[in-house]
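Residues per chain are reported as follows:
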Amino acid sequence: QVQLVQSGAEVKKPGASVQISCEASGYTFSNYYIHWLRQAPGQGLEWMGIFNPSGGTTTYSQKFQGRVAMTRGTSTNTVYMEVSGLRSEDTAVYYCARDRLIGDYVLAHWGQGTQVLVSS
Amino acid sequence: DIQMTQSPSSLSTSVGDRVTITCQASQDITNFLNWYQQKPGKAPKLLIYEAVNLETGVPSRFSGSGSGTHFTFTISSLQPEDVATYYCQQNDNIPYTFGQGTKLDIK
């Protein structure tokens, strides 16, 4: 079955960077886009960007352009997202998610979430 | 960005009641509208995709309708396990945006 397993919680100081991983299993990794989203405490869901594991191409929400980078591990079925220049407003649970079908952009499979706390 | 306006923001109803949530898009998104359920401390779960299609394994008491800019999500007979926050989301244009959520409680 499809599984997305994310890395553990992080505590970072303002201005630092954080890298979160999302390891996929149970399907052909290169065939499906991976999305990244976040949810601040008590708030709704915010889509951050999309990564194509096949070609390594990315599309980011304009809000995060220049501050977010999505990459693929060289020999594993893992996607990474790095957020730089962290500020307190970046405190959130970050999720990776996979399309339901190839290229349909419906978020059918989700990781368990990674808590990131930004605090001095 | 496409704005998704969801209402109500919260709802308290009785077991067995019919529940309706609406979602309005700021522009025509045809049928690129999905509904998710999120329970506390958990990742969202896809319930309805492309406005009207029930995801595999989701109980048939959940349904969706609408197209263009106006969409509706319905639970035909509320069950205790349906206590959650529900979100609509458009996947027509990047960035894919969500409604602000509807928190559903049992009276």
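S.K.: Quick rundown of the overall build of chain B? Include the residues and the values.
M.R.: When helices and strands are counted, chain B shows zero helices and 10 strands. Relative to the globule expectation of 13 Å for 107 residues, the C-alpha radius of gyration of chain B, 13 Å, shows essentially globular dimensions. Referenced to the eigenvectors of the C-alpha coordinate spread, the extents of chain B come out at roughly 35 × 25 × 25 Å. The buried share of chain B, taken over its 107 residues, is 47%. A separation threshold of at least 6 residues defines the contact pool for chain B, and within that pool the share at least 24 residues apart is 56%.

S.K.: Can you tell me about the interface of chain A and chain B, naming the residues and giving the values?
M.R.: Chain A puts 19 residues into the contact, and the matching count from chain B is 16 residues. Regarding the contact of chain A and chain B, the summed buried area is about 1,600 Å², with carbon and sulfur atoms giving 62% of it. Three residues stand out in chain A for area buried against chain B, namely Leu45(A), Trp47(A) and Arg100(A), and they jointly supply 36% of the buried area on that side. In this structure, Arg100(A) engages Glu55(B) in a salt bridge whose closest nitrogen and oxygen atoms are separated by 3.0 Å. The tally of links between chain A and chain B comes to nine residue pairs in polar contact (both at pLDDT 80 or more). When contributions to the side of chain A that touches chain B are tallied by element, the ones reaching two or more residues are strand 4 (34-39), strand 5 (45-51) and strand 10 (107-110) of chain A.

S.K.: Kindly report on the pattern of salt bridges, identifying the contributing residues and their values.
M.R.: Residues and elements named next belong to chain A. Taken as a whole, this structure holds eight salt bridges over all chains when the rule is applied. A salt bridge links Glu46 to Arg38, with the shortest nitrogen-to-oxygen separation between them at 3.0 Å. Here Glu46 falls in the partly exposed class, since its relative accessible area comes to 23%. Looking at Arg38, the relative accessible area reads 7%, which means it is buried. Close ionic contact of Arg67 with Asp90 constitutes a salt bridge, the shortest N to O distance being 2.8 Å. Linking Arg67 in the loop between strand 6 (58-60) and strand 7 (68-72) with Asp90 in the loop between strand 8 (78-83) and strand 9 (92-99), this pair joins segments that are 23 residues apart in sequence. Assessed through its relative accessible area of 13%, Arg67 is described here as buried. Overall, the relative accessible area of 1% leaves Asp90 in the buried class. Through salt bridges with shared partners, one network takes in Arg38, Glu46, Lys63, Arg67 and Asp90.

How each quantity is defined
Residues numbered from 1 in each chain as written. Chains lettered and ligands numbered in written order. Predicted model: local features only at pLDDT ≥ 70, side-chain atom pairs only at ≥ 80, totals over all residues. Heavy atoms only, no water. Helix = DSSP H or I, 4+ residues; strand = E, 2+ residues; numbered from the N terminus. Rg over C-alpha atoms; globule rule 2.2 N^0.38 Å. Buried < 20%, exposed > 50% of the residue type's maximum accessible area, 1.4 Å probe, protein only. Contact = heavy atoms within 4.5 Å. Buried area = accessible area lost by both parts, 1.4 Å probe. Salt bridge = Lys/Arg side-chain N within 4 Å of Asp/Glu carboxyl O. Polar contact = N/O pair within 3.5 Å; in protein donor to acceptor, adjacent residues only side chain to side chain.

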